[in-house]
Amino acid sequence: MRKLLFVLFLLISGNFLLSQTLPGKFGFGADLGITILQGQSKPYVQPLGSAHIRLGVFDFLSVGGKFAGGWIGFRDKNTNAKNWTTVISGEIQPEFHIIPRAKSDAYFFVSAGIVHYQPNISSYSGKNTPTVGFGLGLNMYLRHFLSIDFSASYNLTTRGDFDGNSNTKDKDGFIALKLGLTYYFYDKEYIRQAYIKGKRSR
């Protein structure tokens, strides 16, 4: 049984060693995930969804853009009552690929953009804040044109009132964990030639 499991592991691992990340490859997709507030109030998990695009610039660099919307949850420190803040954001995200041209494509990234947020408090009006972030991701290519995407990121903002409490100097942030799919457009002959070129250069 152990030998069978080991053979299956090798076959599955080997499937993720083919070249995939290439300059000029353009993709779009969607993600679903969760957010975890990092601030003065206690967090509780809330959903977040996003749409994204990605363009390969070099073997080791791609540039993405994402538009996200969802909620960030928090608990009152005294009553432990649950509440949430609605968030909408747009960001630009350079991605640096750790193992270029790998089918199992790990990368790290930085991001910058704007977040619009509205705490679920009737007396509180929505506001905007710049955000910067960083994180790690993994694209697992099922085909040249389709990948499953995992990512974990931390975003820092310039505001401390994501929970509706403006009486603080601390800056709020949030963690986002996402799972999604990306579909890629490409010219098949270009991909084939780039693959051959990559194999020859090794």
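It is worth spelling out the overall build of the chain at this point. A count of helices and strands for the chain gives two helices and nine strands. N-terminal to C-terminal, the α/β element order of the chain is α-β-β-β-β-β-β-β-β-β-α. Put simply, the chain has 202 residues, and 40% of those count as buried. Put simply, of all contacts in the chain between residues at least 6 apart along the chain, 61% involve residues at least 24 apart. Working note: accessible area of the chain is about 11400 Å², and carbon and sulfur atoms make up 68% of it.

Take unusual backbone geometry next. A positive phi angle is found at Asn80, which is not glycine, with a value near 65 degrees. Inspection of the secondary structure puts Asn80 in the loop between strand 4 (61–75) and strand 5 (82–97).

To continue, consider a nonpolar patch on the surface. Side chains of Phe26, Phe28, Ile53, Leu55, Phe145, Tyr183 and Phe185 sit close together on the surface and give an oily, nonpolar patch of about 620 Å² of accessible area. Looking at the nonpolar patch, the elements that each hand over two or more residues are strand 1 (26–38), strand 3 (46–58) and strand 9 (173–185). Residue position: Phe28 is located in strand 1.

This next bit is on the confidence of the model for the chain. Here the chain shows a mean pLDDT of 83. Residues at 70 or above account for 81%. Low pLDDT (under 50) marks residues 2–19, which in the prediction has 14 contacts with non-local residues, meaning those over four places away or in another chain.

Across all of its chains, the model carries four salt bridges by this definition. Arg54 is paired through a salt bridge with Glu95; the nearest N and O atoms lie 2.8 Å apart. Here Arg54, found in strand 3, pairs with Glu95, found in strand 5; they are 41 residues apart in sequence, far enough to count as distant. The class of Glu95 is buried, set by a relative accessible area of 2%. Beyond isolated ion pairs, a larger network of salt bridges with shared partners links Lys127, Arg159 and Asp161.

This paragraph deals with the pairing of strand 9. With 13 bridges connecting them, strand 1 and strand 9 associate as antiparallel partners. Note on strand 9: the bridge partner recorded for Phe28 is Tyr183. Across eleven bridges, the pairing between strand 8 (residues 146–157) and strand 9 is antiparallel. Paired with Asn155 across the bridge in strand 9 is Phe174.

What follows concerns the pairing of strand 8. With burial as the criterion, only one face of strand 8 is covered, namely that bearing Ser147, Asp149, Ser151, Ser153, Asn155 and Thr157; the residues Leu146, Ile148, Phe150, Ala152, Tyr154 and Leu156 on the opposite face remain uncovered. When strand 7 (residues 127–143) meets strand 8, the two strands line up antiparallel, connected through twelve bridges. Bridge pairing in strand 8 places Leu136 opposite Ala152. The hairpin turn running from strand 7 into strand 8, its antiparallel successor, is two residues long.

Conventions we followed
- Residues numbered from 1 in each chain as written.
- Predicted model: local features only at pLDDT ≥ 70, side-chain atom pairs only at ≥ 80, totals over all residues.
- Heavy atoms only, no water.
- Helix = DSSP H or I, 4+ residues; strand = E, 2+ residues; numbered from the N terminus.
- Buried < 20%, exposed > 50% of the residue type's maximum accessible area, 1.4 Å probe, protein only.
- Contact = heavy atoms within 4.5 Å.
- Areas by Shrake-Rupley, 256 points an atom, 1.4 Å probe, with all protein chains shown as cover.
- Patch = residues over 30% accessible without salt bridge, like charges linked within 9 Å, V, L, I, M, F, W, Y side chains within 5 Å.
- Salt bridge = Lys/Arg side-chain N within 4 Å of Asp/Glu carboxyl O.
- pLDDT = per-residue confidence, 0-100.
- Pairing = 2+ DSSP bridges.

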